[in-house]
Protein chains: 2
Amino acid sequence: MNFEIYRAMEKLSRRTLSTKVPIVDIHTHVYLPRYAEELRARSSAPRIYRRTGADGQPEERLLILDGEPGVGRPVGPQYWERDQKLLFMKRHDIDISFVSSANPWLDFLPPERAHTLAQELNNDLEEYCSTSPQANGFPGLRSIYGFGLLPLVSGISVSSVLDVIKQINTLPHISGIIIGTRGVGNGLDDEILEPVWEAIQQANLVVFIHPHYGVDSKSFGNKTNGHVLPLALGFPFETTIAITRLILAGVLDRYPNLRLLLAHSGGALPQLSSRLASCIAHDPIVAKRLKHDARYYLSKLYFDAVAYGAEELGFVSDVIRRAEAYNSTGGEYNADVGSTRMLFGTDHPFFPPLEASQKWQSVEDNLEAIWSVRTWGDSARANVLGLNALRLFDLEC
Amino acid sequence: MNFEIYRAMEKLSRRTLSTKVPIVDIHTHVYLPRYAEELRARSSAPRIYRRTGADGQPEERLLILDGEPGVGRPVGPQYWERDQKLLFMKRHDIDISFVSSANPWLDFLPPERAHTLAQELNNDLEEYCSTSPQANGFPGLRSIYGFGLLPLVSGISVSSVLDVIKQINTLPHISGIIIGTRGVGNGLDDEILEPVWEAIQQANLVVFIHPHYGVDSKSFGNKTNGHVLPLALGFPFETTIAITRLILAGVLDRYPNLRLLLAHSGGALPQLSSRLASCIAHDPIVAKRLKHDARYYLSKLYFDAVAYGAEELGFVSDVIRRAEAYNSTGGEYNADVGSTRMLFGTDHPFFPPLEASQKWQSVEDNLEAIWSVRTWGDSARANVLGLNALRLFDLEC
């Protein structure tokens, strides 16, 4: 049975059963209209600019990074209009979306502007969520919730960041934040951020850690490979470095209740986690610094299921499950333990189909992958498809 | 049963059975005496220098990279004396080692010196191998074989590189080469290297691709974390980028019989391979360039088993097995297929024990990991521990 057949059966069962398993997308982006305006007003990256397209019609393009290959990518209503998001959700049977601003967030702005815009965009997003339709079949739930923004930019005061955390606490449809990896200029392992982690833990906000900068593009050479190397490798490398630096700085030891959600299934962290543990154990400078073996921390993290392959997802759930062995006495192999910290996502509106079609292959691949993990049963699949997200965000259905 | 018990039983069986499973180490390094002299004569990294140690005695230290944390690492006879290599092998029951020069090889030398030194070091290594003891219990085999060096440095002529390939063809105990990721200055996807790949394929040399530079250290931030970030993350990232660039350049399409062995279990390539395939499929610049889905190429590669964890090894064998599905019609799940391209290694003399002890934890971890892969049976373990290596290098026992 493949995912298509499963979905057909599931649709059928929705008509006959009183409960159904929701499909919840926790990795789906938006450029709110106010943010798109900010980008349109700029003359250097990140910016949105107009040009005449190949068909002679005007088009808007988005340039995210200076030195980006080509002339950026086409952008349109899918990036900012809520109706487009809802249409996409309907097309892929997604019941609920947790929408987040896309990179580069506010990184390029001076502190004062970042502070103001963060608050305005958080209010915009609350409106975007709170006025969204009821989730079909899930009484009491909306179809859209959100991750807010913090003004994490160079030179900003910590009290300004804490202010915005307070604001987010007042917004009922926003129970998480999305952040990049630079903090206020020196990365997430910067000790100046200590009160920020404390406030985030206190507020019980889910922190979605998402890449933007990749790694130095010189290492990608001078061949024409489109966006492949920065997107396929640079992005996950950046996330891997960021979470590893957080672990090494002891942030996960000091704030054990922080709920960190890693983009793209944690990048390369799962595959490099035993190597990381070995390197730590063999380095006199860090060998005795942490409370646990590095592999333990993987069981404290959350991972989106945006890896496009069943073997990758099964492996991530394996290293999450394994992590418990570094805290306690191991136990029986149970793949479902690992799956409780993995959450379906689409990365919409990125990775659109190359050719116009109804379904997005990138989304189908991620759904098919969840369905095809060899070690997962129905309960694991239901968790990853939606139940984990509802639990993580304290929503009941 | 754990690996210790297995080993005790295996030792017992060696006394009673006519055949035994060899343990073969394909990732083990040397600084040949001539190379160590070259490093001692230098005043900037890479260099070996003398200083007075904490105990008041003179000591030698190795500085591999400029800007390396601390003052480099202690080096001694384990880096250059063959007796030390043999002692290490005996301590860990390793029957046969395929020794390679450690990074940074010849990267820092001007072309003429690199050419001369490559040939001299290849001759030294042939001597080092050919005069090594017979492998105990394996008639006709030596205990040490080697990977040679090519003068892959900026500004060298391709004919000079081809000359050294010819030399290596005359050295009976050297049937592979170890290379870094920079080629002759512009990476391994440089079209100038086309005749080199052709000659390597023709000569049937195994190419061991090994990292040295990592990625830009700025991304590791300014905290004191010893060597952890560059070693645990930078090294595997570099390998991942190098092999991805080779795939994107079509080198694996044009030279399908190249035998490439990736250090550290391929870095992050296995975990990012479905993401890579998706990024390629969605990028108009590369979407139609390659003969196969990116995941297919993993079944054309070889991976050392230096990942320090059973879940990691099992996963690598899963993605190797999966790759066939992108060439043919899939088939039954058979983890042994993947294990035929994975080879035990130690990374000796790196990752020595923090405290003096007989056994190296890093080596024990890798052996225990091979023993503990949930989906591997005895045949898969025997393959990874040694039989794959003998097949790869066309040695019979």
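On a predicted model such as this, the values are computed, not experimentally measured, just so you know.

K.L.:
Would you take a moment to explain the overall build of chain A for this structure?
P.N.:
Secondary structure assignment for chain A yields 13 helices and eleven strands. For chain A, the C-alpha radius of gyration of 21 Å lies close to 21 Å, the compact-globule estimate for 397 residues. Viewed in the frame of its principal axes, chain A has a C-alpha envelope of about 65 × 55 × 50 Å. Every one of the 397 residues in chain A was classed for burial, and the buried ones make up 61%. Accessible area of chain A: about 15,000 Å², with a carbon and sulfur share of 50%. Here chain A carries 39 positive and 46 negative side-chain charges, and the mean point of each set is 1 Å from the other.

K.L.:
Help me understand the relation of the copies chain B and chain A, please; the structure alone is not making it clear to me.
P.N.:
What connects the two chain copies is a rotation about an axis and a shift along it. Least-squares fitting of chain B to chain A yields an RMSD of 0.0 Å, with the superposition described by an axial translation of 0.0 Å and a rotation of 180 degrees. Accordingly, the operation relating the two chain copies is best matched by a two-fold axis. Looking at chain B, 100% of its interface residues are interface residues in chain A too, so the copies touch through the same face.

K.L.:
Before we go on, may I ask you to explain the sheet that holds strand β8 (residues 206-209) of chain A in this structure?
P.N.:
Hydrogen bonds between backbone groups are what pair the strands of a sheet, and the pairing can be parallel or antiparallel. Residues and elements named next belong to chain A. Taken in spatial order, the eight strands make up an open sheet running β1-β5-β6-β7-β8-β9-β10-β11, and their pairing is parallel. If you trace the sheet from one side to the other, it starts and ends with β1 (24-30) and β11 (342-343), each paired once. Examined bridge by bridge, strand β5 (residues 96-101) and strand β6 (residues 144-148) share four bridges and lie parallel to one another. If you follow serine 100 over to β6, its bridge partner there is phenylalanine 147.

K.L.:
Would you explain the pattern of salt bridges in this entry?
P.N.:
A side chain with one charge may pair with a side chain of the opposite charge, provided their charged atoms come close. Taken as a whole and assessed by the stated rule, the structure comprises 34 salt bridges over all chains. For Asp189(A), the salt bridge goes to Arg245(A), with nearest N and O atoms at 2.8 Å. With Asp189(A) in the loop between β7 (174-179) and α6 (194-203) and Arg245(A) in helix α7 (residues 228-248), the pair connects residues that are 56 residues apart, well separated along the chain. One exposure class covers both Asp189(A) and Arg245(A), and it is buried. Note that Arg50(B) and Glu60(B) form a salt bridge whose closest N and O atoms lie 3.8 Å from each other. Note that Arg50(B) is positioned in strand β2 (residues 47-52) and Glu60(B) in strand β3 (residues 58-63), a separation of ten residues in sequence. The network of salt bridges with common partners includes Glu37(A), Arg40(A), Arg50(A) and Glu60(A).

K.L.:
I keep staring at the interface of chain B and chain A and nothing clicks. Help me out?
P.N.:
Interfaces are frequently sized by the accessible area removed from exposure as the parts join. Facing the 71 residues of chain B at the interface are 71 residues of chain A. Across the interface of chain B and chain A, roughly 6,000 Å² is buried in total on both sides, 62% from carbon and sulfur atoms. Of all residues in chain B, the largest losses of buried area upon contact with chain A belong to Gln271(B), Arg275(B) and His282(B), amounting jointly to 14% of the total for that side. Put simply, chain B and chain A have eight salt bridges between them. One salt bridge in this structure joins Glu191(A) and Lys223(B), with 3.1 Å as the shortest N-O distance. The interface formed by chain B and chain A includes 25 residue pairs in polar contact (both at pLDDT 80 or more). Contributions of two or more residues to the side of chain B that touches chain A are made by α7 (228-248), α9 (269-281), α10 (310-323) and α12 (361-372) of chain B. Looking at the side of chain B that touches chain A, the element that brings in the most residues is α7(B), giving 13 residues.

K.L.:
Please explain the pairing of β7(A) as it appears in this structure.
P.N.:
Regular strands show a simple pattern: their side chains alternate between the two faces of the sheet. Residues and elements named next belong to chain A. With five of six residues buried, β7 lies mostly within the body of the structure. With three bridges connecting them, β6 and β7 associate as parallel partners. Across the sheet, glycine 146 pairs through a bridge with isoleucine 174, a residue of β7. Taken together, β6, helix α5 (residues 158-169) and β7 constitute a β-α-β crossover, and its handedness is right-handed. Where β7 meets β8, four bridges bridge the pair, whose relative direction is parallel. Looking at β8, one finds that glycine 176 is bridged to valine 206. In this fold, the crossover linking β7 to β8 by way of α6 has right-handed handedness.

The rules behind the values
- Residues numbered from 1 in each chain as written.
- Chains lettered and ligands numbered in written order.
- Predicted model: local features only at pLDDT ≥ 70, side-chain atom pairs only at ≥ 80, totals over all residues.
- Heavy atoms only, no water.
- Helix = DSSP H or I, 4+ residues; strand = E, 2+ residues; numbered from the N terminus.
- Rg over C-alpha atoms; globule rule 2.2 N^0.38 Å.
- Buried < 20%, exposed > 50% of the residue type's maximum accessible area, 1.4 Å probe, protein only.
- Areas by Shrake-Rupley, 256 points an atom, 1.4 Å probe, with all protein chains shown as cover.
- Lys, Arg positive; Asp, Glu negative; His and termini not counted.
- Charge placed at Lys NZ, Arg CZ, Asp CG, Glu CD.
- Least-squares fit on C-alpha atoms with pLDDT ≥ 70 in both.
- Contact = heavy atoms within 4.5 Å.
- Pairing = 2+ DSSP bridges.
- Salt bridge = Lys/Arg side-chain N within 4 Å of Asp/Glu carboxyl O.
- Buried area = accessible area lost by both parts, 1.4 Å probe.
- Polar contact = N/O pair within 3.5 Å; in protein donor to acceptor, adjacent residues only side chain to side chain.
- Right-handed = clockwise from strand over helix to strand, strands pointing away.

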